[in-house]
Amino acid sequence: MAWRTMWRALRDGPATEPAPAADPLLAESLAARLHAAAQRRLGRGLAIRQVDSGSCNGCELEIHMLGSIVYDLERLGLRFVASPRHADVLLVTGPVTRNMHDALLRSWAATPDPKFVVAVGDCAIDGGVFKGSTAIIGGIDAAVPVDAFVRGCPPTPAAILEVLCTLIEANTPPPERVRRI
Amino acid sequence: MNARTLLLTATAEACAPVPRRHLTGSQWAAFVTALTQDSSLELRAMWADGVSVYTIFLAPEDGTVIFASVSVELGLYQALSPARPSAVLYERMIHDLWGHTAADGLDMRPFLDHGNWTATPPLAIRPLPNLTAPEPKEFLPAEGEGLHRIPVGPVHAGIIEPGHFRFTAQGEIIVRLEARLGYLHKGTLGLMQGKSPRVAARFAARLSGDSTVAHAIAFARAAEAAAHVLPPPRAEALRCVFAEIERIANHLGDIGGIINDAAFALMQARFVWHREHLLRATETAFGHRLMMDAVVPGGVSVDLAPGGEDTIIQALDTLAAEWDALLATYDNSASLADRVVSTGTLSASLAASFAPGGFIGRASGQAADLRRVPGYGHYRDIDVEMPVLTAGDVDARVRIRMAEVVESARLLRHILPRLPEGALLERLDAVSGEGLGWAEGFRGDIWHWVRVEGGQIAAAFMADPSWRQWPLLEVAVEGNIVADFPLCNKSFNCSYSGVDL
Ligand code: SF4
């Protein structure tokens, strides 16, 4: 089966789809802010650490799909890493529960600067349906500063990928800067 | 007196579709004693409210569902765990959320409560402000020469929900594993109180995102039973369609994940590609990839979009076209078999005493499937075939999951062309009542209970099968190497959010 699958892949081309276009406005504003700090240190490529701070696991299901051959985020210079210490980006889902608050703060502190935080899903924005519960402290920005939000319950993999691509755009040194280095 | 006869002497409270037997403290104590002699009743769920503790038992031979409750007297009730060890986690959760103590309980350490909540117990009639600082968690001891402990989590290395695993290992062999959960506790049950069933259904749909359909069905059935309403036939059939798609999608993702944990990336790529294909077909057919909020009390909120049936059948056809090749690769890869065969074995006898349900049960000799026994909704009109294996290892769980994919695909091909015509939603009046609902999710049996007063939820509980599956994972990994834990864990895939509530 392995040979047949490989042969078919050669014949039909890859299952991977073209990357979604980045949102130009968001890219611009993030680029301006992170210009000085990020470009020299990170280069074109982001290491992502996913942290679930209280999700229902729906958001994780869709984040998982980013690694599949359909979206194949590694070709875009994005990869999931096993520790916040290796990460440029924290991809955080869920409301922040009281029981995960400390672990989220520690993961954030362990992520080296400069870092991005992307809050994924309606819960991560403001608590979503769980807003008002005494067991949560709110959305992700109630615990750590957030650079970008992705709407949806859960957001589609394409929507998450779009924001990540935007981060990369924001993170790419402009041509003149490259020349100077 | 045997356990069942004892129950008949207790008061029957109105609850649909199963009356609730309410026991006094002494009747309950006699019932628990009788249960030690009687293995025919399997504990399937347990929870509480401010004044009582509730239990569900299932008699698998005849499909009888037994719903029994006991009054809590002075904060105490007789523990069930000496007769049914699977009650331990429920008793710890009941203590954390309602403050009722199980007298003679086997283990009363906190589970969901990490000492961080502002008022405890959060669901008690009168919670008190929590003024003490969180204490360090206490783990079960393991003693012996050369043992070391490996603390893992709550944030894990992969993309997975948070939980703390405390391994005690000798060299690379796991001697003891203890899972400490509760990190995802969102206070969901408290949020449901005072809401209409229609609004509260959004919480049921978000207890465990991977089982959003199955939990929504169980909740809707409980709310419908409380209001004495039957959903229209088209809604019942569509619920089956949603549930079987959810089952296939989860199994495809998990089988891929298990195989990937054995470092066989090619097969994982194919399984996950099929999962994505099916999710897109689902979005075309029903407007949402995971069908969140598609099931509501009274029926369903979405109909099949024009052309939706063909899209789903096409996705199933594409899967079927590659299925034999995938199966053959699984069968013929010695390197894969080396990792999955005789890894993470759950013995049939332990499975019998915990009744984990789902594919975990079916891989260890337990045939239970709520779609068949006692049945519900549209499944009463169709036959569901499920194989049972006895090996109980990772391989057996993979094979059962594969068989479930095939069977669910068959069911979809059977139901979709025969969808009854008609309405999608029945009105739920703002009445008072108590109802019980169940559904077979991809993990196994799900039980929901609601008490509605004047159209608002007064109390509710949502029971995921993971309550009885987590302790079995702890046992199944004993004697395995630490490096095989991801394989074992993925082959169980218990829900964290589902038990953290
Ligand atoms: S946004 Fe939706 S899918 Fe994501 S964690 Fe919240 S409830 Fe679950």
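Throughout, a residue's number is its position along its own chain's written sequence, starting from 1. Chains carry letters from A onward and ligands carry numbers from 1 onward, assigned in written order. pLDDT decides what is reported in this predicted model: residues at 70 or higher carry local features, side-chain atom pairs at 80 or more are listed and counted, and totals for whole chains, interfaces and linings draw on all residues regardless. Computation of side-chain values: all heavy atoms of the structure, hydrogens and water removed.

1. Quick notes on the overall build of chain B
Heads up, the condition is: For the purposes of this entry, the term helix denotes a DSSP run of H or I that reaches at least four residues, the term strand denotes a run of E that reaches at least two, and both are numbered from the N terminus. Each radius of gyration is computed over the set of C-alpha atoms, and the globule rule expresses the reference value as 2.2 Å times the number of residues to the power 0.38. Three exposure classes are used, based on accessible area relative to the maximum for each residue type with a 1.4 Å probe and protein chains only: buried under 20%, partly exposed in between, and exposed over 50%. Contacts: residue pairs with any heavy atoms within 4.5 Å of one another. Accessible surface is estimated by sampling points in the Shrake-Rupley manner with a 1.4 Å probe; for residues, cover comes only from the protein chains shown. Charge assignment in this entry is limited to Lys and Arg as positive and Asp and Glu as negative, and neither His nor the chain termini are counted. To locate a charge, the coordinates of NZ of Lys, CZ of Arg, CG of Asp or CD of Glu are taken.
Secondary structure assignment for chain B yields 16 helices and 17 strands. Its C-alpha atoms give chain B a radius of gyration of 22 Å, within 12% of the compact-globule value 23 Å for 501 residues. The C-alpha extent of chain B, read off along each of the three principal axes, is 65 × 60 × 45 Å. Per-residue burial over chain B gives 61% buried out of 501 residues. Intrachain contacts of chain B at a sequence separation of at least 6 include 68% that bridge at least 24 residues. As displayed, chain B has an accessible area near 17200 Å², and 54% of this comes from carbon and sulfur atoms. Seen as two clouds, the 42 positive and the 57 negative side-chain charges of chain B have centres 3 Å apart.

2. A closer look at the sheet that holds strand β4 (residues 52-59) of chain B
Strand pairs in the sheet, formed through backbone hydrogen bonds, run parallel or antiparallel to each other. All names here are of chain B. Our working definition: In short, DSSP must find at least two bridges between two strands for them to pair. Only the contacting stretch of a helix is used when fitting its axis, a line to C-alpha atoms as for every element, and angles between N-to-C directions run 0 to 180 degrees.
As summarised here, the arrangement of the 5 strands in space is β1-β2-β5-β4-β3, forming an open sheet in which the pairing is mixed. If you trace the sheet from one side to the other, it starts and ends with β1 (11-13) and β3 (42-48), each paired once. Across the sheet, the axes of successive neighbouring strands diverge by a mean angle of 30°, strand direction being ignored. Bridge count for β4 against strand β5 (residues 64-71) is 8 bridges, and the pairing is antiparallel. Considered in β5, the bridge of valine 53 is made with valine 70. Across the face of the sheet, helix α2 (residues 25-37) comes into contact with β2 (20-23), β4 and β5 while running at roughly 110° to β2.

3. A closer look at the domain arrangement of chain B
Residue and element names in this part refer to chain B. Rule in force here: Source of the domain bounds: an automatic or database domain assignment. By convention, the term buried area covers the 1.4 Å-probe accessible surface removed from two parts as they join, with the contributions of both added. A pair is scored as a salt bridge if a Lys or Arg side-chain nitrogen falls within 4 Å of a carboxyl oxygen belonging to Asp or Glu. For this analysis, a polar contact is any N or O atom pair within 3.5 Å, provided that within protein one partner can donate a hydrogen and the other can accept it, and provided that sequence-adjacent residues contribute only side-chain to side-chain pairs.
Examined at the domain level, chain B breaks down into domain 1 (3-129) and domain 2 (190-465). For domain 1 and domain 2, the distance between their C-alpha centres works out to 27 Å. In this assembly, 26 residues from domain 1 lie in contact with 23 residues from domain 2. Between domain 1 and domain 2, a total of about 2000 Å² is buried, with carbon and sulfur atoms accounting for 68% of that surface. The largest contributions to the domain 1 side of the interface with domain 2 come from Ala16, Arg44 and Trp47, which together make up 28% of the buried area. Connecting domain 1 to domain 2 are 3 salt bridges. Where arginine 451 meets aspartate 49, a salt bridge forms, and the shortest distance between an N and an O atom there is 3.2 Å. Scanning the region where domain 1 abuts domain 2 turns up 6 residue pairs in polar contact (both at pLDDT 80 or more). With 6 residues, the single largest contributor to the side of domain 1 that touches domain 2 is β3.

4. Remarks on the packing of aromatic side chains
Aromatic rings considered in pairs are described by the distance between their centres and by the relative angle of their planes. The cut-off we apply is this: Working definition: rings of Phe, Tyr and Trp (its six-membered ring) pair if their centres are within 6.5 Å, and the pair is stacked with planes under 30 degrees apart, edge-to-face with planes over 60 apart, and tilted otherwise. Two thresholds decide whether a charge sits over a ring: the Lys NZ or Arg CZ must be within 6 Å of the ring centre and within 35 degrees of the ring normal.
Counting across every chain of the model gives 23 aromatic pairs over all chains. Ring centres of B:Phe111 and B:Trp467 lie 6.2 Å apart, and the angle between their planes is 50°; this geometry places the pair in the tilted category. Of this pair, B:Phe111 sits in the loop between β7 (101-103) and β8 (119-120) while B:Trp467 sits in helix α14 (residues 466-476), and the two are 356 residues apart along the sequence. Its relative accessible area of 1% is what places B:Phe111 among the buried residues. Lying across the ring of A:Phe130, B:Lys186 places its NZ or CZ 5.4 Å from the centre.

5. Quick word on the interface of chain A and chain B
Here is the rule: When residue character is reported, Ala, Val, Leu, Ile, Met, Phe, Trp, Tyr, Cys and Pro are called nonpolar, Asp, Glu, Lys and Arg charged, and the others, Gly included, polar.
Each side of the interface is counted separately: chain A has 47 residues, and chain B has 49 residues. Scanning the region where chain A abuts chain B turns up 2 salt bridges. Note that A:Glu62 is salt-bridged to B:Arg289, the shortest N-O span being 2.5 Å. On inspection of chain A and its partner chain B, the count reaches 21 residue pairs in polar contact (both at pLDDT 80 or more). Its residues assigned to classes, the side of chain A that touches chain B shows 24 nonpolar, 16 polar and 7 charged.

6. Concerning the confidence of the model for chain A
Residue and element names in this part refer to chain A. Note the following rule: Note: pLDDT gives the predictor's confidence per residue, expressed from 0 to 100.
Looking at chain A as a whole, its pLDDT mean stands at 84, while 81% of the residues score no less than 70. For chain A, the element scoring lowest by mean pLDDT is helix α7 (residues 175-180), at 49; strand β4 (residues 96-97) scores highest, at 97. Every residue in residues 177-181 is under pLDDT 50, and counting partners more than four places away or in other chains gives 5 contacts.

7. Let's talk about the site of the ligand
Threshold: Whether a residue is near a molecule or strand depends on its heavy atoms: if one lies within 4 Å, it is near.
Close to the ligand lie A:Ser55, A:Cys56, A:Gly58, A:Cys59, A:Gly121, A:Asp122, A:Cys123, A:Gly152, A:Cys153, A:Pro154, B:Arg206 and B:Met292. This site is not confined to one chain, since residues near the ligand come from chains A and B. Listed by contribution, the elements that provide at least two residues to the shell around the ligand are α3 (58-65) and α5 (122-126) of chain A.

8. Thoughts on the environment of B:Arg399
All names here are of chain B. As for its position among the elements, arginine 399 is in helix α13 (residues 394-415). Along the backbone, arginine 399 and glutamate 322 are 77 residues apart, and their C-alpha atoms lie at a distance of 16 Å. Those residues in contact with arginine 399, other than ones at most four positions away along the chain, are Tyr330, Asp331 and Leu389.

9. Brief notes about the pairing of β2(B)
Taken residue by residue, a regular strand's side chains alternate between the two faces of the sheet. All names here are of chain B. Pairing of β1 with β2, which is carried by 3 bridges, proceeds in the antiparallel orientation. Across the sheet, residue glutamate 13 finds its bridge partner in β2, namely arginine 20. Here β1 hands over to β2 after 6 residues, the two strands then running antiparallel side by side. Bridging between β2 and β5 involves 4 bridges; their strand directions are parallel. Residue pairing in the sheet places histidine 22 in a bridge with serine 69 of β5.

10. Quick notes on the pairing of strand β3 (residues 89-93) of chain A
Residue and element names in this part refer to chain A. Of all 5 residues in β3, 5 are buried, a share of seventy percent or more. Here β3 shows two buried faces, one formed by Val89, Leu91 and Thr93 and the other by Leu90 and Val92. In this structure, strand β1 (residues 46-52) lies alongside β3, joined through 5 bridges in parallel fashion. Across the sheet, isoleucine 48 pairs through a bridge with valine 89, a residue of β3. Relative to strand β5 (residues 116-120), β3 runs parallel, the two being bridged by 5 bridges. Bridge pairing in β5 places leucine 91 opposite valine 118.

11. Focus on unusual backbone geometry
For the bond running from B:Thr120 to B:Pro121, omega is -15°, close enough to zero to count as cis. Tracing the sequence through the fold places B:Pro121 in the loop between β8 and β9 (128-129). With an omega dihedral of 5°, the bond running from B:Val373 to B:Pro374 counts as a cis peptide bond. Mapping B:Pro374 onto the fold places it in the loop between α12 (358-362) and α13. Even without being a glycine, A:Asn57 presents a positive backbone phi close to 85°.

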